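Inside the fold
Each chain, written out:
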Amino acid sequence: MKTLFSYFSLLPVLLYAQLQSPNDFLGYELGEKFTRHHQVVDYFTYISENSEKVTLTQYGKTYEDRPLILAFVSSEENLANLENIRLDNLRRAGIEEGTPTTNIPIVWLSYNVHGNESSSTEASMATIYELIKEGSDVSDWLEKAVVVIDPCINPDGRDRYVNFFWQYGSQPYNPDPNAIEHNEPWPGGRPNHYLFDLNRDWAWQTQIETKSRIKVYNQWLPQIHVDFHEQGINSPYYFAPAAQPFHELITQFQRDFQTEIGRNHAKYFDENNWFYFTKQFFDLLYPSYGDTYPTYNGAIGMTYEQAGHGRAGLGIIKQEGDTLTLKDRIAHHYTTGLSTIEIAVDHADRLLSNFGKFFGDNSSLKYKTFVLKYDGNDDKFNTLKSWLDDQGIRYVEPSDAKLKGYQFSSGKLVDFSVTENDLVIQMNQPKATLAHILFEPKTKLVDSVTYDITAWGVPYAYGIEAYASTQTIDKIVVKLTKDFHVGMLEVPEKAYAFISKWNSMDDARFLAALLKADVKVRFTQKPINYKGKSFDRGSLIIAKRDNKQISDFEEKIVEIANMYERPISAIQTGFMDAGPDIGSSDVRYLKKPKIALLGHEGTSSLAFGATWHFMEQELEYPVTILGTDYFNRVDLSEYDVLIMQSGWYSSFGEKEMKKMMEWVSNGGKLIAVEGALNKLKDSDYSSLSTYVDDEAKKEAEEEKQERKEETRLVSYEDQEREFIKGFAPGAIFKVKMDNTHPLAFGYGNTYYTLKTGSSKVAYLDGNNVGVVTDKDDLMSGFAGQYAKEDMAETLVFGVENKGRGQIVHIVDNPLFRSFWQNGKLLMVNAMFFVGQ
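These figures come from a predicted structure and were not determined experimentally.

**A word on the overall build of the chain**
In terms of regular secondary structure, the chain is built from 23 helices and 36 strands. Relative to a compact globule of 836 residues, whose C-alpha radius of gyration would be 28 Å, the chain shows 28 Å and is just as compact. Projecting the C-alpha coordinates of the chain onto the three principal axes gives extents of approximately 90 × 65 × 60 Å. Buried positions account for 59% of the 836 residues belonging to the chain.

Here's what the structure looks like:
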């Protein structure tokens, strides 16, 4: 295999004029310039139109309407038989019936998931050309494998970065790290349009790019998947094997084969005297990465990290004085890509055999059955089942049964009953390993120093009571193919009002649609009963009296309800059988809020993006984005709600904070989330405090000093582990909720929060809506000894009244990565109900 870029010269073009190299097609040598996404698409299109060894398909579009493409690269014979090769692969996994008749492994190469890690898309063009050009040393590989190339997972982010460099880059490039071309402005090119990190979205599939990709990925399930990345400029190249912790369900073959691949890479890197490292930093635990998700789906999933990232540009001076160029970065990714294919071809039989064993042997799984108890919230179960369908995880409708299992809410082993409408996931299915990892109540950690969050249990994320049992259910009816859907409602002849429940995001979207249609809405602060139907706190009331402007009131409300499949009830009187009547002061009028969201410099791009996406794509309610750089020029009186997502707000001094607090005192509502609370905590702007009183502060400072004294003689090597005693990298805690407060309408008296830090916030003087009461409320994941102790008796959600307005304090971001489904309604409550 060639390890140097011979195609950078014009020689290959002269020898094989029938197929243009990337250099010839683009008109410049790869690495001399950054290639915009449309040019990459053009080259792959050209290749597919001029080579019998490439089939190109578009599998989706980004939010900014850029195409998402896959190139299937193999021999003419294999491409002619491509559908049968695909089906044979699914037969090995037990997803399709029958016995495989082909013996062709699939290698999937994914490039540029982080937009400003830009060398890999350039390398994808070099790689596909090397595979298919005439006279290539590696062309015979295509007779023995199918190579799937996704040249750019994140086109929107890539073009954001590439356009920045084209606009600000010097000509010729300036390698000085201080040059503007090496310092991207906020938010940088790493995330997608909505500023999501697509490399944390594989399992959750919240973004359109991920949804589109996983749909086709699950139709193939490759034996090897590589996710090409970049890291800091002074780091060399990283490739497999990965670092600990490995998830315990990763097979020995998967571990060993990573090492084989790594040794093959090392051979070529050694030949060229290139630096590299393995077995450090990049672990295989969190299930939503581009290496772990494929691994949990039977592949050898790997991350490859090249020095560069958004700082490197076309060339940058490193700490040792060498210049790292884009050409260097391309060469390294090109080499590992081809080395991966080489090792797959050389060990095809072993790959395919062990791939089949991965899906066929579930004996190592601790739990055999997961039971999610039906609680009457059809919307929640429909959302969960839709997500399971996207994963390819099978669920069933059980017969009545009695089992023993781990109860997620108590953390104890208990006896429980399985009844009709419960959702049951058994491990006698192809996707058993993936299901087990996503649903397991506690993930085993062999090393607490990890790269990401350590807990993600799906029942906690959805707020569903669940059990994990080592037993199986003998009698199973059928796979649930039906959802709990509402039939089309008929228009009543006359209605005094309509009442609609409140406990899901579907209800929230219905409310948003009503308000956008200028329908006036009320909500009840106390439970209501009408003709045997109970409506809990937060239930929406649409009264005819409030909507005199709507001539066809009944038709209009039913039309919107049918559009959102809401089971609204028509009532003929304002006199309720129990609870407040419609005219009661406990039935509050909901003023249609005008909402603003702070963004740009000083805010966390990820937290901002999650909220932006939530408002536009999930809630479907208008939001105005206000830039922190011109905040002082904004007339806040035009807005009812201001969301201050997590961030640093370093440009917000006394002037900005005073302006904000005056607006709150005059009736505005500030929703401050996570890191934003640091601008309010222990300040004159808010009563929010780290400690409940001076005595508690004194005790904490004394304890902090004792801890410091204990660590004085800790060795240099152990300092990191000592540090994480005070850290909670994504752990789930039980939260006691006051569900009589509008912030918690639609919830029970318990919530599970995902803590991604160790920030401590004391109880407020009142309106402590959600609190962690005890250190033993840790339900899942790792929290250091000190972090657990510090979490006891702390605030999670609370409301502070200030003048005529309110500050909603949200310590743990419920929109984190958009996968914590049970937290989303709380954000809606904060925007629409609090303070009304």
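Here the narrative resumes.
**Quick word on the environment of His-332**
Considering the arrangement of structural elements, one finds His-332 in helix H11 (residues 326-346). In this structure the C-alpha to C-alpha distance between His-332 and Asp-718, which are 386 residues apart in sequence, comes to 33 Å. Setting aside residues up to four positions removed in sequence, His-332 forms contacts with Tyr-237, Phe-269, Trp-274 and Gln-306.

**Let's talk about the sheet that holds strand E25 (residues 569-571)**
With antiparallel pairing, five strands are arranged side by side in an open sheet as E25-E20-E24-E21-E26. Lying at the two open borders of the sheet, with one neighbouring strand each, are E25 and strand E26 (587-590). The average angle at which neighbouring strand axes cross in this sheet is 30°, direction not considered. As defined by bridge partners, strand E20 (residues 497-500) adjoins strand E24 (residues 540-543) across four bridges and the pair is classed as antiparallel. Its bridge partner lying in E24, Ser-500 is registered against Leu-540.

**Describing helix H9 (residues 252-271)**
Residues that lie three or four places apart on an α-helix share one face, since the helix turns once every 3.6 residues. Taking 1.5 Å per residue as the helical rise, H9 with its 20 residues ought to reach 28 Å, and the 29 Å between its terminal C-alpha atoms agrees with that figure. For H9, every residue scored as buried is listed here: Phe-253, Gln-254, Phe-257, Gln-258, Ile-261, Gly-262, Asn-264, His-265, Ala-266, Tyr-268 and Phe-269. Where H9 ends, the next residue or the one after it, Asn-273, has phi of about 55°, a positive value.

**A short note on the layout of surface pockets**
Empty space within the second largest pocket amounts to approximately 780 Å³. Surrounding the second largest pocket, 26 residues form its lining, Tyr-691, Ala-700, Arg-707, Lys-760 and Asp-790 being those nearest its centre. At the level of elements, helix H20 (694-710), helix H21 (719-723) and helix H22 (785-791) are the ones that each hand at least two residues to the lining of the second largest pocket. Ranked by residue count, the leading element in the lining of the second largest pocket is H20, at eight residues.

**What to know about a negative patch on the surface**
Residues Asp-693, Asp-694, Glu-695, Glu-699, Glu-701, Glu-702, Glu-706, Glu-709 and Glu-710 make up a contiguous surface patch of negative charge. Mapping Glu-710 onto the fold places it in helix H20. Classification of Glu-710 by relative accessible area gives exposed; the value is 55%.

**A short note on empty space enclosed by the protein**
Tallied over the full model, the rule gives two cavities of 30 Å³ or more. Every residue lining the largest cavity is listed: Tyr-751, Thr-753, Leu-754, Asp-812, Asn-813, Pro-814, Phe-816 and Trp-820. Classifying every residue of the lining of the largest cavity gives five nonpolar, two polar and one charged.

**Remarks on the packing of helix H6 (residues 119-132) against H11**
For any two helices packed against each other, one specifies the inter-axial angle together with the distance between the axes. Viewed as axis vectors pointing N to C, H6 and H11 meet at an angle of 50°, and their least axial separation amounts to 8 Å. Considering their axes alone, H6 and H11 lie oblique with respect to each other. Crossing of H6 against H11: the hand is right-handed. Here Ser-119, Ser-120, Glu-122, Ala-123, Ala-126, Thr-127, Glu-130 and Leu-131 of H6 come into contact with H11, specifically with Leu-326, Arg-329, Ile-330, His-333, Tyr-334, Leu-338 and Ile-341. When the residues that make up the contact of H6 with H11 are grouped by side-chain class, the tally is eight nonpolar, four polar and three charged.

**Quick notes on the confidence of the model for the chain**
Confidence in the prediction for the chain averages 93 pLDDT; 95% of positions are at 70 or higher. Contacts from residues 1-17, a stretch scored under 50 in pLDDT, to residues over four places away or in other chains number 42 contacts. This stretch, residues 478-482, has a pLDDT under 50; its non-local contacts, to residues over four places away or in other chains, come to 11 contacts.

**Side note on the pairing of strand E29 (residues 641-644)**
Covered by surrounding structure in E29 are Val-641 and Ile-643 together with Leu-642 and Met-644, the residues of both alternating faces. As defined by bridge partners, strand E27 (residues 595-599) adjoins E29 across three bridges and the pair is classed as parallel. Opposite Ile-595, over in E29, you have Val-641 as the bridge partner. In this structure, E29 lies alongside strand E30 (residues 669-673), joined through four bridges in parallel fashion. Pairing of Met-644 across the sheet is with Ala-672, part of E30. Remark: the E29/helix H19 (residues 654-665)/E30 crossover connection has right-handed handedness.

**Brief notes about helix H17 (residues 553-563)**
Among the residues making up H17, those that are buried are Phe-553, Glu-554, Ile-557, Val-558, Ile-560, Ala-561 and Asn-562. Lining the buried residues of H17 we find E20, helix H16 (505-516) and E24. Among the residues trailing H17, Glu-565 stands out with phi positive, at a value near 50°.

**Let's talk about the pattern of salt bridges**
Where charged atoms from two side chains of opposite charge come close, those side chains can pair. Under the criterion given, the structure shown has 32 salt bridges. Put simply, Glu-64 and Arg-66 hold a salt bridge, and the shortest N to O gap is 2.6 Å. The residue Asp-546 makes a salt bridge to Arg-522 at a minimum N-O spacing of 2.6 Å. Pair noted here: Asp-546 is in the loop between E24 and H17 and Arg-522 is in strand E21 (residues 521-524), with a separation of 24 residues, a long-range link. Beyond isolated ion pairs, a larger network of salt bridges with shared partners links Glu-117, Arg-190, Asp-197, Arg-200, Asp-452 and Arg-817.

**Some remarks on the nonpolar core**
Ranked by internal contacts, the top residues of the largest apolar core, which has 153 residues, are Leu-384, Ile-425, Phe-439, Leu-619, Ile-671, Met-831 and Phe-832. Not counting chain neighbours up to four residues away, the residues in contact with Met-831 comprise Pro-593, Ile-595, Phe-614, Met-615, Leu-619, Val-641, Ile-643, Lys-669 and Ile-671. By size, the runner-up hydrophobic cluster in this structure holds 61 residues, among which are Trp-141, Phe-164, Phe-257 and Ala-331.

**A short note on unusual backbone geometry**
That bond from Gln-171 to Pro-172 is cis: its omega, 0°, falls within 30 degrees of zero. Locating Pro-172 in the fold gives a position in the loop between helix H7 (155-168) and helix H8 (208-217). Along the chain, Trp-186 connects to Pro-187 via a cis peptide bond; the corresponding omega equals 0°. Mapped onto the secondary structure, Pro-187 falls in the loop between H7 and H8. Not every positive phi belongs to a glycine, and Glu-620 is a case in point at roughly 60°. In this fold, Glu-620 is placed in the loop between helix H18 (605-619) and strand E28 (624-627).

**Brief notes about the packing of aromatic side chains**
Enumeration over the complete set of coordinates arrives at 53 aromatic pairs. Centroid distance Tyr-238 to Phe-282: 4.7 Å. Interplanar angle 50°. Geometry classified as tilted. One end of the pair, Tyr-238, is in strand E6 (residues 237-238); the other, Phe-282, is in the loop between strand E8 (276-277) and strand E9 (283-284), with 44 residues separating them in the sequence. By the burial criterion, Tyr-238 is buried, and Phe-282 matches it.

Definitions and cut-offs
- Residues numbered from 1 in each chain as written.
- Predicted model: local features only at pLDDT ≥ 70, side-chain atom pairs only at ≥ 80, totals over all residues.
- Heavy atoms only, no water.
- Helix = DSSP H or I, 4+ residues; strand = E, 2+ residues; numbered from the N terminus.
- Rg over C-alpha atoms; globule rule 2.2 N^0.38 Å.
- Buried < 20%, exposed > 50% of the residue type's maximum accessible area, 1.4 Å probe, protein only.
- Contact = heavy atoms within 4.5 Å.
- Pairing = 2+ DSSP bridges.
- Axes fitted to C-alpha atoms, helices over the stretch in contact; angles between N-to-C directions.
- Expected span 1.5 Å × (residues − 1).
- 1 Å grid on protein atoms, 1.4 Å probe; cavity = no way out; pocket = protein on both sides within 12 Å on 5 of 7 lines; lining within 4 Å.
- Points joined across faces, edges and corners; volume = space filled by probe spheres on them.
- Patch = residues over 30% accessible without salt bridge, like charges linked within 9 Å, V, L, I, M, F, W, Y side chains within 5 Å.
- Areas by Shrake-Rupley, 256 points an atom, 1.4 Å probe, with all protein chains shown as cover.
- Salt bridge = Lys/Arg side-chain N within 4 Å of Asp/Glu carboxyl O.
- Lys, Arg positive; Asp, Glu negative; His and termini not counted.
- Charge placed at Lys NZ, Arg CZ, Asp CG, Glu CD.
- Nonpolar A, V, L, I, M, F, W, Y, C, P; charged D, E, K, R; others polar.
- Parallel < 35°, antiparallel > 145°, perpendicular 65-115°, else oblique.
- Left-handed = near helix turned anticlockwise from the far one by under 90°.
- pLDDT = per-residue confidence, 0-100.
- Right-handed = clockwise from strand over helix to strand, strands pointing away.
- Core = buried A, V, L, I, M, F, W, Y, C linked by side-chain atoms within 4.5 Å.
- Phe/Tyr/Trp six-rings, centres within 6.5 Å; stacked < 30°, edge-to-face > 60°.

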